[in-house]
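# Residue-level structure breakdown
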Amino acid sequence: QVQLVESGGGLVQPGGSLRLSCAASGSIVSISTMRWYRQAPGKERELVATITSGGVTNYADSVKGRFTISRDNAKNTVDLQMISLKPEDTSVYYCYAIIATNKYMVPYWGQGTQVTVSS
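First, a word on scope: everything that follows refers to the structure included in this document. Note that the coordinates shown come from a computational prediction; the quantities given were computed from them, not determined experimentally.

Let us now look at the sheet that holds strand β7 (residues 67-72). What the 4 strands build is an open sheet, ordered β1-β3-β8-β7; its pairing is antiparallel. Of all strands in the sheet, those with a lone pairing partner are β1 (3-7) and β7, marking the two edges. Within the sheet, the average angular offset between the axes of one strand and its neighbour, ignoring direction, is 15°.

A separate point is the environment of Q114. With respect to the helices and strands, Q114 occurs in strand β11 (residues 113-117). Owing to a relative accessible area of 38%, Q114 belongs among the partly exposed residues under this scheme. Separated by 78 residues in sequence, Q114 and W36 have C-alpha atoms that sit 13 Å apart. Sequence-distant contacts of Q114, defined by excluding residues within four places in its chain, comprise G9, G10, T90, S91 and V92. Within the structure, the side chain of Q114 is placed 3.3 Å from the side chain of T116, a separation counted as a polar contact.

Analysis parameters
Residues numbered from 1 in each chain as written. Predicted model: local features only at pLDDT ≥ 70, side-chain atom pairs only at ≥ 80, totals over all residues. Heavy atoms only, no water. Pairing = 2+ DSSP bridges. Helix = DSSP H or I, 4+ residues; strand = E, 2+ residues; numbered from the N terminus. Axes fitted to C-alpha atoms, helices over the stretch in contact; angles between N-to-C directions. Buried < 20%, exposed > 50% of the residue type's maximum accessible area, 1.4 Å probe, protein only. Contact = heavy atoms within 4.5 Å. Polar contact = N/O pair within 3.5 Å; in protein donor to acceptor, adjacent residues only side chain to side chain.

Next up, the structure:
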């Protein structure tokens, strides 16, 4: 069984920084694309950042230049470094990964971690 576990959320003042981490564990053969999503109260879940197995990244326009996604393929982890945080970044952040445990690639979600940007 595969699990994704996020950590690093919390309360931060506007302009501050946070680093989110997500670790995948279980019977993992390989991990393809990894992503961070977020969902604010009353809003749809939105894609924040993507990183491929080869390290190619893509970002939502709202976070470009402020967020950086990275991964460690040896440790099966993906991080999201967030700087210059704004109140509108307040959301539950979810880790997502496409993981092969045998011959199938299956999407998995983490349980989410709350990020609150407020003075």
